[in-house]
Amino acid sequence: MSGSRVKGYTIVQSIMFALLVTAFAFFTPSMRLPSGGSIRLLGSGPPCVFSSGLWNTAPNFLYSNVLRGLKKNMTVVTASMPLDAAVIDEIADTIGVDQVVLFGHSSFDPRVLASDRIRRAVLCDPISRPLLDLTGMQQTSVDAACPVLTLRASYLYNSSMPQWNVPDIRGDVKDKVLDGYGHTDILDDRWAEFANGLGFWRAAQPQKQRFDEWLPSESGSSGRLEYREALVSHALIFLLAQ
């Protein structure tokens, strides 16, 4: 292929990419909050506020598989700032709804669960900052104002994670452990593999098939996609319950 043709092909690719980015921004409504932050709305249905890891600072594109599943049945609301009760109030007021539901992963501020604007909450591997007193590190406790479902990846809770990093959520709380998966398996495969390579979090590993049942399409599968689909299924059933 000649240099001019390669250059032309690269320009076409760049134009197409720019058009896709523009189209995504156009078809993803955004709103400003009174405090200066912003939210984006994805999908259709009742509003579900999404809280990513690291106190809602982890990029949402790490969770595209999960977001794709949620937005088929709900309007997913992503915010540009960490979530607390005041931000939940702002979000609900801005989109004009009495209550929202919450889907979160990893680190968050448990006090957000005291908000009466949250109807139901699903928390995947909830982690919180510990409290420090004269006796040492203590769990953060909260009285949840709504029903809560915690979905826990077994590898995380079978590890050496300190108990004071696990929030003490009181109230109407249901708990489900999903065996054979780790804290970062909720992420899309590329990012789950990257996190697994760091060696900090234990993750699902490819399963070996029996000799007489081996299929190339199944070779090296870790089951992460099935895990994410299970998370979404459990979440939708719980969040949309009357």
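Our subject is the structure that appears above.
Residues numbered from 1 in each chain as written. Predicted model: local features only at pLDDT ≥ 70, side-chain atom pairs only at ≥ 80, totals over all residues. Heavy atoms only, no water.

A few points about the overall build of the chain
Which entries qualify depends on this criterion: Note on conventions: DSSP H or I runs of at least 4 residues are helices, E runs of at least 2 residues are strands, and numbering of each starts at the N terminus. Buried, partly exposed and exposed residues are distinguished by accessible area as a fraction of the type maximum, computed with a 1.4 Å probe on protein chains only: under 20%, between the cut-offs, and over 50%, respectively. Should any heavy atoms of two residues lie within 4.5 Å, those residues are counted as being in contact. Only the protein chains shown count as cover for residues, and all accessible areas are computed by the Shrake-Rupley method using a 1.4 Å probe.
The number of helices and strands found in the chain is seven helices and 12 strands. In the chain, which comprises 242 residues, the proportion classed as buried is 43%. Within the chain, residue pairs in contact and separated by at least 24 positions form 72% of the contacts whose partners lie at least 6 positions apart. Summed over its atoms, the accessible surface of the chain is roughly 13600 Å², and 58% of this surface lies on carbon and sulfur atoms.

A word on the nonpolar core
What counts, and what does not: To form a nonpolar core, buried Ala, Val, Leu, Ile, Met, Phe, Trp, Tyr and Cys residues must be joined to one another through side-chain atoms within 4.5 Å.
Residues Tyr63, Leu70, Phe103, Val122, Ile186 and Leu239 are the most contacted members of the largest nonpolar core, which totals 31 residues. Mapped onto this core, the elements with two or more residues apiece are β3 (47-51), α3 (64-70), β5 (100-107), β6 (118-127), β10 (148-153) and α7 (224-239). Broken down by element, this core gets its largest block of residues, seven residues, from α7. In this structure Val122 touches Leu102, Phe103, Gly104, Leu149, Leu151, Ala235, Phe238 and Leu239, once residues within four positions along its chain are discounted. Core analysis: the second largest hydrophobic core is formed by 25 residues, Val77, Leu83, Ile91 and Ile169 among them.

Quick notes on the pairing of strand β4 (residues 75-79)
Here is the rule: In this analysis, strands are considered paired if DSSP registers two or more bridges between them.
Burial analysis of β4 places five of its five residues in the buried class, which makes it a mostly covered element. The sheet contact formed by strand β2 (residues 38-43) and β4 spans five bridges and is antiparallel. Bridging from a neighbouring strand, Ile39 pairs with Ala79 of β4. In terms of strand pairing, β3 meets β4 through four bridges, oriented parallel.

With respect to the pairing of β3
Burial of β3 is extensive: five of the five residues sit out of reach of the surface. Neither face of β3 is open: one carries Pro47, Val49 and Ser51, the other Cys48 and Phe50, and all of them are buried. The pairing of β3 with β5 spans four bridges and is parallel. If you follow Cys48 over to β5, its bridge partner there is Val101.

Quick look at the pattern of salt bridges
Put simply, the rule reads: When a carboxyl oxygen of Asp or Glu is within 4 Å of a side-chain nitrogen of Lys or Arg, the pair counts as a salt bridge.
For the structure on display, the rule yields nine salt bridges. A salt bridge links Lys174 to Asp172; the nearest nitrogen and oxygen atoms lie 3.6 Å apart. For Asp172, a relative accessible area of 40% puts it in the partly exposed group. Here Arg224 and Asp185 are joined by a salt bridge, their closest N and O atoms 2.5 Å apart. With Arg224 in helix α7 and Asp185 in the loop between β12 (173-178) and α6 (189-198), this residue pair connects regions lying 39 residues apart in the sequence.

Description of α7
Rules: Here a helix's expected span is defined as the number of its residues, less one, multiplied by 1.5 Å. What the arc measures is the spread of directions leading from the helix axis to the C-beta atoms.
Here α7 is 16 residues long and its end C-alpha atoms lie 22 Å apart, about the 22 Å a rise of 1.5 Å per residue gives. When α7 is considered as a whole, its buried residues turn out to be Arg224, Tyr227, Arg228, Leu231, Val232, Ala235, Leu236, Phe238 and Leu239. Burial along α7 is one-sided: seen end-on, the buried residues are contained in an arc of 170°.

A look at unusual backbone geometry
Notably, Leu54 is not glycine yet its phi reads approximately 55°, a positive angle. Position of Leu54 among the secondary structure elements: in helix α2 (residues 53-56). If you check the backbone angles, Asp125 has positive phi at about 50° while not being a glycine. With relative accessibility at 1%, the residue Asp125 sits in the buried group.

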